[in-house]
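Analysis of the macromolecular model
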Amino acid sequence: ALILLDIQMPNMDGFEVANLIKSYKRAQDIPIIFVSAVSKTLDDIRHGHQIGAADYIVKPVDPTILASKVNLYLERFQMQKKLERKLTKLNTTKQNLSKDNAKLSTKASRDGLTGLHNRSSFENLIKEAIELARSADVSLAIMFMDLDDFKIVNDQHGHDAGDALLKAVSARIQDILRASDFFSDSDNPSSLARLGGDEFALVLCAIPRPEIANKIAERIVAAFKEPFIINKLELFVGISIGIATYPNAGKTPESLCKHADLAMYKAKKGGKLSYCLFTDEMEQTQL
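Presented here is a report on the structure given in the accompanying data block. Predicted model, so just to flag it, every value in this text is computed and none were measured.

Side note on the overall build of the protein
Each helix and strand in the protein was counted, giving 9 helices and 10 strands. A compact globule built from 287 residues should have a C-alpha radius of gyration of about 19 Å, whereas the protein, at 37 Å, is more than 25% larger. Projected onto its principal axes, the C-alpha positions of the protein cover 105 × 45 × 35 Å. Counting 37 positive and 37 negative side-chain charges, the protein places the averaged centre of each group 5 Å from the other.

Written out as structure tokens, the structure is:
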């Protein structure tokens, strides 16, 4: 908290000791009070303060004055330590809040079962993808996917099997996506989401041309002809896919999602386990 330092000492005087003390990083901020019988000349005082002295007491020392000065620096030291403890506690609280906020943010944007993006997060991804497509002049495709006969699995094997199947479905779709489908310098070129139930959606935001979306859809459909092994059971489930491309099928998130949904129902009505690309005729049929 405080160093009381004599000036007249053998081998090394107080000024030299003060210089040595101040050379240590841990001791640089400790106040030094010189206590000396040396006459209190202005040069002595100036020299002491140049070295870093906080105060100067001339011998013979008045106990009242010494106690007053010592108590003053002790109080300052205690207040400083108290402030440091509060700052440490505040920083710890801040770090904990940051971790909690990160967890809440992840929880708010992710599907609890599969860990994929949820509907809300997917809508934001589409907005970002449209901005990228508009500014970088790249193609963009939205896929809406619905599992065929998923209700049968739930009814026959229970919801636990159904949940395990949904996780397996999300993993299989992600495995199908290839880096060669996208521009090599693109970041996060595709994002898969679970919109709810057995509905999935995929945004392809960095494909060189719209036809790539058809090839990806073909691979997904082909992959779903193979069974899923769930609890040692072979389960078959199909998939119907609707595709909407930017800007042909729309230039807003709302229009792209609407048209991908229309195309998906067209695929489902056409015999399931298939994909369909949105055309203007589909919307005319709806009207």
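Here the narrative resumes.
Details of the side chain of Asp146
As for its position among the elements, Asp146 is in strand β4 (residues 139–148). Beyond its immediate sequence surroundings of up to four residues, Asp146 is in contact with Asp198, Glu199, Gly238, Ile239, Ser240, Met264 and Lys268.

Describing the packing of aromatic side chains
Evaluated as defined, the whole model comprises 3 aromatic pairs. Here Phe15 and Phe34 contribute two aromatic rings whose centre-to-centre distance is 5.2 Å and whose plane-to-plane angle is 70°, an arrangement assigned as edge-to-face. Placement of the pair is Phe15 in helix α1 (residues 14–22) and Phe34 in strand β2 (residues 32–36), with a sequence separation of 19 residues. By relative accessible area, Phe15 is classed as buried at 12%. Judged by centre distance (6.1 Å) and plane angle (55°), the ring pair of Phe34 and Tyr56 falls under tilted. Taken together, the residues span a long stretch of sequence, with Phe34 in strand β2 and Tyr56 in strand β3 (residues 55–58) at a distance of 22 residues. Through pairs of rings, three or more aromatic residues link up here, namely Phe15, Phe34 and Tyr56.

A short note on the pattern of salt bridges
Applying the stated criterion across every chain yields a total of 10 salt bridges. The salt bridge involving Lys69 is made with Asp55; its shortest N-O contact spans 2.7 Å. Taken together, the residues span a long stretch of sequence, with Lys69 in helix α3 (residues 63–109) and Asp55 in strand β3 at a distance of 14 residues. The class for Lys69 is partly exposed, based on a relative accessible area of 23%. The structure contains a network of salt bridges with shared partners spanning Asp146, Asp148 and Lys268.

A short note on a nonpolar patch on the surface
Where nonpolar side chains cluster on the molecular surface, the patch consists of Met12, Leu20 and Tyr24 and spans about 300 Å² of accessible area. As for its position among the elements, Tyr24 is in the loop between α1 and β2. Judged by relative accessible area, Tyr24 falls into the exposed class, the value being 53%.

Points about the sheet that holds β2
Strand order across the open sheet formed by 3 strands is β1-β2-β3, with parallel pairing between neighbours. Each edge of the sheet is formed by a strand with only one pairing partner; in this case those strands are β1 (3–6) and β3. On average, each strand axis in the sheet is tilted by 25° relative to the strand beside it, whichever way the strands run. Judged from the 4 bridges that link them, β1 and β2 form a sheet pairing that is parallel. Directly across from Ile3, in β2, lies its bridge partner Ile32. The strands touched by α1 are β1 and β2; relative to β2, the strand with the most contacts, the crossing angle is about 165°.

Describing the packing of helix α5 (residues 150–157) against helix α6 (residues 159–176)
Look at α5 against α6: their axes get within 7 Å of each other, and the N-to-C directions meet at 140°. Judged by the angle between their axes, α5 and α6 are oblique. Counting all contacts with α5, which are made through Phe150, Val153, Asn154 and His157, the residues of α6 involved are His159, Ala161, Gly162, Leu165 and Leu166. Each residue belonging to the contact of α5 with α6 can be placed in one class, and the counts come to 5 nonpolar, 4 polar and no charged.

Thresholds applied
- Residues numbered from 1 in each chain as written.
- Predicted model: local features only at pLDDT ≥ 70, side-chain atom pairs only at ≥ 80, totals over all residues.
- Heavy atoms only, no water.
- Helix = DSSP H or I, 4+ residues; strand = E, 2+ residues; numbered from the N terminus.
- Rg over C-alpha atoms; globule rule 2.2 N^0.38 Å.
- Lys, Arg positive; Asp, Glu negative; His and termini not counted.
- Charge placed at Lys NZ, Arg CZ, Asp CG, Glu CD.
- Contact = heavy atoms within 4.5 Å.
- Phe/Tyr/Trp six-rings, centres within 6.5 Å; stacked < 30°, edge-to-face > 60°.
- Buried < 20%, exposed > 50% of the residue type's maximum accessible area, 1.4 Å probe, protein only.
- Salt bridge = Lys/Arg side-chain N within 4 Å of Asp/Glu carboxyl O.
- Patch = residues over 30% accessible without salt bridge, like charges linked within 9 Å, V, L, I, M, F, W, Y side chains within 5 Å.
- Areas by Shrake-Rupley, 256 points an atom, 1.4 Å probe, with all protein chains shown as cover.
- Pairing = 2+ DSSP bridges.
- Axes fitted to C-alpha atoms, helices over the stretch in contact; angles between N-to-C directions.
- Parallel < 35°, antiparallel > 145°, perpendicular 65-115°, else oblique.
- Nonpolar A, V, L, I, M, F, W, Y, C, P; charged D, E, K, R; others polar.

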